[in-house]
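Here are the chains, one letter per residue:
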Amino acid sequence: MKALVIYETLTGNTRTASYEIAGRLSAAGVATEVSPITAVDLQALSDADLVIVGSWTDGIFFFGQRPGRASRLAKNLPRIDGKKAVVFCTYALDCGPTLEKLERIVRMAGGDVLGGYSIRRDDLAGGSKELADRLLGVLEST
Ligand SMILES: Cc1cc2nc3c(=O)[nH]c(=O)nc-3n(C[C@H](O)[C@H](O)[C@H](O)COP(=O)(O)O)c2cc1C
C-alpha cells in the first residue's frame, strides 16, 4: 500500500506533522510521500491508495473555525475518486468544526473519508504518532 500526505500550512506546523506522519507510516511499510497543496505530486497521487489531507485551523480561536485557506485547498485538491482518505488539522486551543469542514472538501473531491484527527500544535510529534498508529490499526482491519 502507498499513501500521500497533502498539506496546507501557514507557519509550518502542519508540514512538520505531515512529515512525521509520513515517516511513521513509511517505517511501518506504507510508503508515504508528502506534497504541499500548491504543488501536489500527481504521480505520487496516482500511485497512492490512501490520501491524507492536513490543514491548520483558522478562526477566532473559539469561534468560526475552519480549515486555513479552505477555498484554495478546495480549488487545488485534485480528484481522488475511489481513494481512501483521512483528514487532520493542527490547532492551538480549539479546532471546533474544522475537521468536519475539511472532510466535506475531501468528499467533494471524491475521497472515501475514513475519519479525522486533530493535532494540538504543542504536541505535533505525539499527535502525529497517535494518528499514524490509529490509521495503521484501521488499515490492518480492512
Ligand atoms: C490567523 C490565524 C487564526 C487561527 N485561528 C485559530 C483558531 O480559531 N483556533 C485554534 O485552535 N487555533 C487557531 N490558530 C492556530 C493555528 O491553527 C495553529 O498554530 C496551527 O498549528 C498552524 O498551522 P501551520 O503552522 O501549519 O500554519 C490560528 C492561527 C492563525 C495564524
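Everything below is about the structure printed above this text.
(A) Here's a closer look at the site of the ligand. With respect to spatial proximity, 19 residues lie near the ligand, and among them Thr9, Leu10, Thr11, Thr14 and Thr57 are the closest. Within the backbone of Leu10, an N or O atom sits 2.6 Å from an oxygen atom of the ligand. Residue Gly12 places a main-chain N or O atom 2.9 Å away from an oxygen atom belonging to the ligand. Summarising the interface, the protein chains cover 86% of the accessible area of the ligand, which totals 650 Å² for the free molecule. The pocket occupied by the ligand, as judged from atoms lying within 2 Å of grid points, is the largest pocket. Every element with two or more residues in the shell around the ligand is listed here: helix H1 (13-27), strand E3 (50-58) and strand E5 (84-91). Sorting elements by how many residues they give to the shell around the ligand places E3 first, with 3 residues.

Parameters at a glance
Residues numbered from 1 in each chain as written. Predicted model: local features only at pLDDT ≥ 70, side-chain atom pairs only at ≥ 80, totals over all residues. Heavy atoms only, no water. Near = heavy atom within 4 Å. Polar contact = N/O pair within 3.5 Å; in protein donor to acceptor, adjacent residues only side chain to side chain. Areas by Shrake-Rupley, 256 points an atom, 1.4 Å probe, with all protein chains shown as cover. 1 Å grid on protein atoms, 1.4 Å probe; cavity = no way out; pocket = protein on both sides within 12 Å on 5 of 7 lines; lining within 4 Å. Sits in = over half its atoms within 2 Å of the grid points. Helix = DSSP H or I, 4+ residues; strand = E, 2+ residues; numbered from the N terminus.

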